[in-house]
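# Structural overview
Letter by letter, the chains look like this.
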Amino acid sequence: MGFEHNDTKEMKYVTNGDLNILFFILQVSHDEELYAIARYLYDAIGERIRLFEIGSYDNQTFSYDVLLLFREHVMYQIDDKDRTCQKLHLKDDFVPLAIPGDATFVNQVVLGDSSRPGEGLLMNTWMGNMPDQGGRFLASVTDFGCIPISIEYQDKPSGWLQTTYFDNVIGITDPELLIPPSFCEDAEMPADAEPVDLLSLLKQKN
């Protein structure tokens, strides 16, 4: 999840780290909540993302290992233990982790202690519209490097998605993790399968 920016306020091309995902699904009858914590690998040049995550939705726990190949519009759901692989049609387009050029600057604050050197983190917050999702976003990034700290965006059909990033590292030590495993070579996409996005996959009952 990220944003395009015309003024190059974008994360480094290849990054890995951890993230928390909190998704509020707003309905007329009741509210639902999806929570996940994941290790992620992000490659903006190749438009690839790998997520290893666990979480809960509607009082049920889940775990997923998914590889998203946006150029091919393919998502692999991977089980390394059983060496099985499910190939799905990915309907999402790749959106880089960045701040849009037309975003509005909100403020600049220090996380932590601003009175002594090394005890605070300078953070910028931006807001704007996401026309494709029909909603808005609020993003906080580091002043140096534009590394994401938290991103919230509104998906009008569903609700609000809040993602918090931590332990980010520039560079990926094992690029093979962004390539489908050998046991995925024979995986076939069902001809009548509905296209999926990551959120719809996570919200499936387990």
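Nothing here was measured: the structure is a model prediction, and the numbers come from that model.

For the rest of this paragraph, the subject is the pairing of strand β8 (residues 120-130). Bridge analysis of strand β7 (residues 104-112) against β8 gives eight bridges, and the strand direction is antiparallel. By the bridge assignment, N107 is partnered in β8 with T125.

This brings us to the pattern of salt bridges. The full count for this structure, using the stated rule, is six salt bridges. Among the ionic pairs, R71 bridges to E47, the shortest N-O distance being 3.9 Å. Here R71, found in the loop between β4 (60-69) and β5 (74-79), pairs with E47, found in the loop between β2 (31-43) and β3 (48-57); they are 24 residues apart in sequence, far enough to count as distant. Using a relative accessible area of 54% as the deciding quantity, one classes R71 as exposed.

Position of D43 among the secondary structure elements: in strand β2. Given a relative accessible area of 5%, D43 falls into the buried group. A polar contact is formed between the side chain of D43 and the side chain of R48, at a distance of 2.7 Å.

Right, let's get into the nonpolar core. Membership of the largest hydrophobic core comes to 29 residues, with the highest contact counts inside it found for Y42, I49, L51, V66, L68, M75 and I99. Of all the secondary structure elements, the ones that give two or more residues to this core are β2, β3, β4, β8, β9 (135-142), β10 (148-155) and β11 (159-170).

At E47, a position not held by glycine, the phi torsion is positive, near 55°. Residue E47 is classed as partly exposed on the basis of its relative accessible area of 25%. Notably, D167 is not glycine yet its phi reads approximately 55°, a positive angle. Checked against the element boundaries, D167 lands in strand β11.

This part is about the side chain of N124. Residue position: N124 is located in strand β8. Dropping the residues within four chain positions of it, N124 is found in contact with F105, N107, Q108, A139, S140, V141 and D143.

Within the chain, residue pLDDT values average 80, and 75% of them lie at 70 or more. Contacts from residues 1-6, a stretch scored under 50 in pLDDT, to residues over four places away or in other chains number 34 contacts. Every residue in residues 23-30 scores below 50 in pLDDT, and together they form 26 contacts with partners more than four places removed in sequence or on other chains.

The subject of this paragraph is a nonpolar patch on the surface. Taken together, Y35, I37 and I54 make up a surface patch of nonpolar side chains, about 260 Å² in accessible area. Structurally, I37 can be placed in strand β2. For I37, a relative accessible area of 33% corresponds to the partly exposed category.

Among covalent bonds in proteins, the disulfide is the one between the sulfur atoms of two cysteines. The final tally for this structure, using the stated rule, is one disulfide. The disulfide bridge from C85 ends at C184, spanning 2.2 Å between sulfur atoms. Of note, the bridge from C85 to C184 carries an S-S torsion of about 95° and is right-handed in sense. Of this pair, C85 sits in strand β6 (residues 84-89) while C184 sits in the loop between β11 and α1 (198-202); the two residues are 99 residues apart in sequence, bridging distant segments of the chain.

Moving on, we get to the environment of Q86. Examined against the element boundaries, Q86 turns out to sit in strand β6. With a relative accessible area of 41%, Q86 lands in the partly exposed category. Linking Q86 and D186, residues 100 residues apart in sequence, is a C-alpha distance of 9.7 Å. Once residues within four sequence positions are removed from consideration, Q86 is found in contact with M75, Y76 and Q77.

Criteria and cut-off values
- Once a new chain begins, its residue numbering starts again from 1 and follows that chain's sequence as written.
- Side-chain atom pairs in this predicted model are given and counted only at pLDDT of 80 or more, local residue features only at pLDDT of at least 70, and totals for whole chains, interfaces and linings cover all residues.
- Hydrogen atoms and water are omitted, and side-chain values are computed over all heavy atoms in the structure.
- Here the rule is simple: two strands pair whenever DSSP picks up at least two bridges between them.
- Each helix corresponds to a stretch of at least 4 residues labelled H or I by DSSP, and each strand to a stretch of at least 2 residues labelled E; elements are numbered beginning at the N terminus.
- Salt bridge, as used here: a side-chain nitrogen of Lys or Arg that lies within 4 Å of a carboxyl oxygen of Asp or Glu.
- Summary of the burial criterion: residues with accessible area below 20% of their type's maximum are buried, those above 50% are exposed, and those between are partly exposed, where the area comes from a 1.4 Å probe applied to protein chains only.
- Here a polar contact is taken to be a pair of N or O atoms separated by no more than 3.5 Å, where protein atoms must pair a possible hydrogen donor with a possible acceptor and residues adjacent in sequence count only if both atoms sit in side chains.
- As used here, the term nonpolar core means buried Ala, Val, Leu, Ile, Met, Phe, Trp, Tyr and Cys residues forming a set that is joined through side-chain atoms within 4.5 Å.
- Residues are treated as being in contact if the distance between any of their heavy atoms lies within 4.5 Å.
- pLDDT expresses, on a scale from 0 to 100, how confident the predictor is about each individual residue.
- Candidate patch residues must exceed 30% relative accessible area and have no salt bridge, after which like charges are joined if within 9 Å and Val, Leu, Ile, Met, Phe, Trp or Tyr side chains if within 5 Å.
- With residues, only the protein chains shown are counted as cover, and all accessible areas are computed by Shrake-Rupley using a 1.4 Å probe.
- By definition, disulfides here are pairs of cysteine sulfur atoms that lie within 2.5 Å.

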